[in-house]
Amino acid sequence: MKKKKISKIEKMLEIPEEVYSNTPKIIITGFDQMIIENFKSILEYEEFYIRISTYIGIININGYNLNLETMTNDDLKVTGKIDSFDIERISDE
Amino acid sequence: MFVKILLKYILGYVRISVEGYYIERFINICTNNKIMIWNIKKEKNAKIYLNIGTNDFREIISIAKKVKCKVKIIKKKGLPFLLHRYKKRKIFLGFLLIIVILIGISSNFVWNIEIQTEGNQEFENIYQDLENSGLKTGKLKSAIDTKEIVNKVRLKRDDIAWMGIELKGTNAVVKLVKADKKPEIVDENEYCNIVSEKAGVITKINAQNGTAAVKVGDTVNVGTVLINGWMEGKYTGIRYVHAQGEIEAKVWYTKQTKIPYNITERSDTGNEEVSYGIKFNNFKINLPKGVSKFKIYDTIEEEKKIKLFSDFYLPISVIKITNKEVKEEQKTYNIEEATNLGIQQLEEELDKEIEDKSKIVNKNINTYEKEDGVEVYVTYEVTQQIGTNEKIVY
């Protein structure tokens, strides 16, 4: 995945990165809720494991009773008991 | 997001189960096609539950065919389905409509008249006067001309200093300010007599202007002229004046009562029975409670109007009927007790009537024993100013 070039204007205007680029934003509220913006697709979905691919890598979520609440084409909300999550970078080099 | 789901609720959504091997692919295709799905839950290895809007359902089926998944509708939710279900309940719907219409119509009427006064001023028969002037419960709000009613009531009554009517919802708030009753003032320049306003014996008379008509020790009645409004001069003849002067007289206040020896005294036992009734404007329905189990009781009715919001009164009121059991006891007094009781009662009454206690000169108590009770007379002797002005009418 090629990183988009950030124009100087956008940097000056301080527009949040997730708005103009495809970089994902992950928000965890408490330990039971997780919002992922700018996701690409779901690779795997089980009750205890969710694998989500984004434009810069893959996010793995472990837990149990995991639900996919409210899904739109760029937002995703995961609820359930989240145990851990890790990130797999897609290396450019 | 919440707004979006609410919108979907209004448009209707379904909860479906999707069964198949490539479920992740199914979800991804949905998101790529910008179909909103929410509340996704995986149950077994190859089955998920999800919510979807009704308008996207056809698209979902074609996607499911593509990835070879089975789609099953589990629940239909949302307003369209709800309305569809109530379509069959025509009577229910009809009544709902009727109630809404009735409430709408009844909001155009005045159902409660509230009177607000400053302090504890009391107005006698104000409700009746208001009714006669055109403000009564059950009248169309648009037919009420507040200005006209205010004018009419103020013409009728002379004890109102200010009055305002405000229509709030179905509640008419009448605000009143009491006017002090003015004594009839006779102009200084006009000729007048001084007339007695109470019966009594004159103890002091001092005519500053005019001619005294009575002497000290004379008995006067109500309306007797005390100081005449004219003066007689040797040379000038009779000349009319504005009479002025001080007249003090002994006035007697007498109260009388009869205390029987045998008295049935009523007292509360503390037992209560409560029943309720409903009143529609003037039509009353008592919820049955049967005959009261008490032998002797007092009934107290309390009426409470039902209101929807703070000012939306409905023409329905709930009546709370409380029956209080009363015990009757026969009591016998001897002569002494009865007289004491009578004197006490009368003195209390008289004390209320006479404001200035220092003017009381003498107290006089007479008792007459009769067969069945004691008659008690209490007389207070009070020195008082008794003169008032009265215009001379030729």
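Everything numeric here is computed off the predicted structure, so don't read it as measured data.

Draft legend 1. Molecular detail of the overall build of chain B. Across its full length, chain B holds 8 helices and 24 strands. Within chain B, buried positions represent 18% of all 394 residues. In chain B, the proportion of contacts linking residues at least 24 apart, taken out of those at least 6 apart, comes to 68%.

Draft legend 2. Here's a closer look at the overall build of chain A. Looking only at helices and strands, one finds 2 helices and 6 strands in chain A. Helices (α) and strands (β) of chain A occur, in sequence order from the N terminus, as α-α-β-β-β-β-β-β. Per-residue burial for chain A yields a buried fraction of 26% across its 93 residues. The long-range fraction of contacts in chain A, counting pairs at least 24 apart against all pairs at least 6 apart in sequence, stands at 34%.

Draft legend 3. Local environment of the interface of chain A and chain B. Across the boundary between the two partners, chain A contributes 14 residues, which contact 15 residues of chain B. Within the residue set of the side of chain A that touches chain B, elements represented by two or more residues are strand 3 (39-45) and strand 5 (57-71) of chain A.

Draft legend 4. View of the pairing of strand 15 (residues 230-233) of chain B. All names here are of chain B. Across 4 bridges, strand 15 lies against strand 16 (residues 237-240) in antiparallel orientation. The partner of M231 across the bridge, within strand 16, is R239. Connecting strand 15 to the antiparallel partner strand 16 that follows it, the hairpin turn spans 3 residues.

Draft legend 5. Up close: the environment of A213(B). Residues and elements named next belong to chain B. By the secondary structure assignment, A213 is in the loop between strand 12 (211-212) and strand 13 (219-220). Judged by C-beta crowding, with 18 C-beta atoms within 10 Å, A213 ranks as partly exposed. Put simply, A213 and I227 are 14 residues apart on the chain and 5.2 Å apart in space, counted from C-alpha to C-alpha.

Draft legend 6. Fine view of the sheet that holds strand 12 of chain B. Across the sheet, 4 strands lie side by side as 12-14-10-24 (chain B); this open sheet has antiparallel pairing. The sheet is open, and its two edges are formed by strand 12 and strand 24 (387-391) of chain B, each paired on a single side.

Draft legend 7. A look at the sheet that holds strand 18 (residues 262-280) of chain B. All names here are of chain B. Strand order in the open sheet formed by 4 strands is 19-18-21-20, and the pairing between neighbours is antiparallel. Every interior strand has two partners, whereas the edge strands, strand 19 (283-286) and strand 20 (297-307), have only one. Sheet twist, expressed as the average angle between the axes of neighbouring strands with direction ignored, equals 35 degrees. Relative to strand 21 (residues 313-332), strand 18 runs antiparallel, the two sharing 16 bridges. Residue pairing for strand 21: V274 is matched across the bridge by T322.

What counts, and where the lines are drawn
- Residues numbered from 1 in each chain as written.
- Chains lettered and ligands numbered in written order.
- Predicted model: local features only at pLDDT ≥ 70, side-chain atom pairs only at ≥ 80, totals over all residues.
- Helix = DSSP H or I, 4+ residues; strand = E, 2+ residues; numbered from the N terminus.
- Buried ≥ 20, exposed ≤ 12 C-beta atoms within 10 Å, placed from the backbone.
- Contact = placed C-beta atoms within 7 Å.
- Pairing = 2+ DSSP bridges.
- Axes fitted to C-alpha atoms, helices over the stretch in contact; angles between N-to-C directions.

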